[in-house]
Amino acid sequence: MANKKDKYNERKWSVPSKRAKGYADDLRAKVHTYGKKEGKELTDKEFSLRMGYLQAQNDNAGIYKYKKALGEGKSKDEAIKISRQRGKAS
């Protein structure tokens, strides 16, 4: 029964999504970098939506723990494991 409890005590977050990477590329270039609108300039609304999405991804507790673990010199696998733990980072 301990295994079942541990299963539900793990965060689902591990690493930023592919969408976040694409949005970050768009923001750096200030144009669409993929899809139907590729090469067209981002409108103010599209720019704001991408910024908001990335900020929400960055605010996630998991990404904070992940980046902190990488900064401490841990491997990516160890950082993912730490980022999925609930509670304070150890």
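For the structure, check the block above.
Residues numbered from 1 in each chain as written. Predicted model: local features only at pLDDT ≥ 70, side-chain atom pairs only at ≥ 80, totals over all residues. Heavy atoms only, no water.

1. Comments concerning the overall build of the chain
For step 1, the next point in the chain: Of the regular secondary structure elements, the chain holds five helices and zero strands.
For step 2, the next point in the chain: Reading the helices (α) and strands (β) of the chain from amino to carboxyl end gives α-α-α-α-α.
For step 3, the next point in the chain: Per-residue burial over the chain gives 22% buried out of 90 residues.
For step 4, the next point in the chain: Long-range contacts, defined as pairs at least 24 residues apart, comprise 48% of the intrachain contacts of the chain with a sequence gap of at least 6.
For step 5, the next point in the chain: Working note: accessible area of the chain is about 7200 Å², and carbon and sulfur atoms make up 52% of it. (Helix = DSSP H or I, 4+ residues; strand = E, 2+ residues; numbered from the N terminus. Buried < 20%, exposed > 50% of the residue type's maximum accessible area, 1.4 Å probe, protein only. Contact = heavy atoms within 4.5 Å. Areas by Shrake-Rupley, 256 points an atom, 1.4 Å probe, with all protein chains shown as cover.)

2. Description of the side chain of His32
For step 1, the next point in the chain: By the secondary structure assignment, His32 is in the loop between helix H2 (18–29) and helix H3 (44–59).
For step 2, the next point in the chain: The class for His32 is buried, based on a relative accessible area of 8%.
For step 3, the next point in the chain: With residues near it in sequence (within four places) discarded, His32 still touches Asp26, Lys37, Glu38, Gly39, Lys40, Glu41, Leu42, Glu46 and Arg50.

3. Examining helix H5 (residues 76–83)
For step 1, the next point in the chain: Taken as a whole, H5 has its buried residues at Ala79, Ile82 and Ser83. Along H5, the residues classed as buried sweep out an arc of 95° about the axis, all on the same side. Residues of H5 that are exposed and point more than 90 degrees away from the buried face comprise Asp77 and Lys81. (Arc of directions from axis to C-beta.)

4. Points about the packing of aromatic side chains
Working definition: an aromatic ring pair is given by the centre-to-centre distance plus the angle between the planes.
For step 1, the next point in the chain: Using the criterion set out here, one finds one aromatic pair in the structure.
For step 2, the next point in the chain: Taking the centre distance of 5.3 Å and the plane angle of 75° together, the rings of Tyr23 and Tyr53 count as edge-to-face. A residue pair is termed long-range when its members are at least 10 positions apart, and Tyr23 in helix H2 and Tyr53 in helix H3 qualify at 30 residues.
For step 3, the next point in the chain: Of the residues examined, Tyr23 reaches a relative accessible area of 17% and is grouped as buried. (Phe/Tyr/Trp six-rings, centres within 6.5 Å; stacked < 30°, edge-to-face > 60°.)

5. Here's the deal with unusual backbone geometry
Excluding glycine, a negative phi dihedral is what most residues carry, and trans is how most peptide bonds are arranged.
For step 1, the next point in the chain: Non-glycine residue Lys30 carries a positive phi angle of around 60°.
For step 2, the next point in the chain: Turning to its location among the elements, Lys30 is positioned in the loop between H2 and H3.

6. Observations concerning H2
For step 1, the next point in the chain: Between its terminal C-alpha atoms H2 stretches 17 Å, which fits the 16 Å expected from 12 residues at 1.5 Å a residue.
For step 2, the next point in the chain: Looking only at H2, the buried set comprises Ala20, Gly22, Tyr23, Ala24, Asp26 and Leu27.
For step 3, the next point in the chain: Looking one or two places after H2, you find Lys30, whose phi comes out positive at around 60°. (Expected span 1.5 Å × (residues − 1).)

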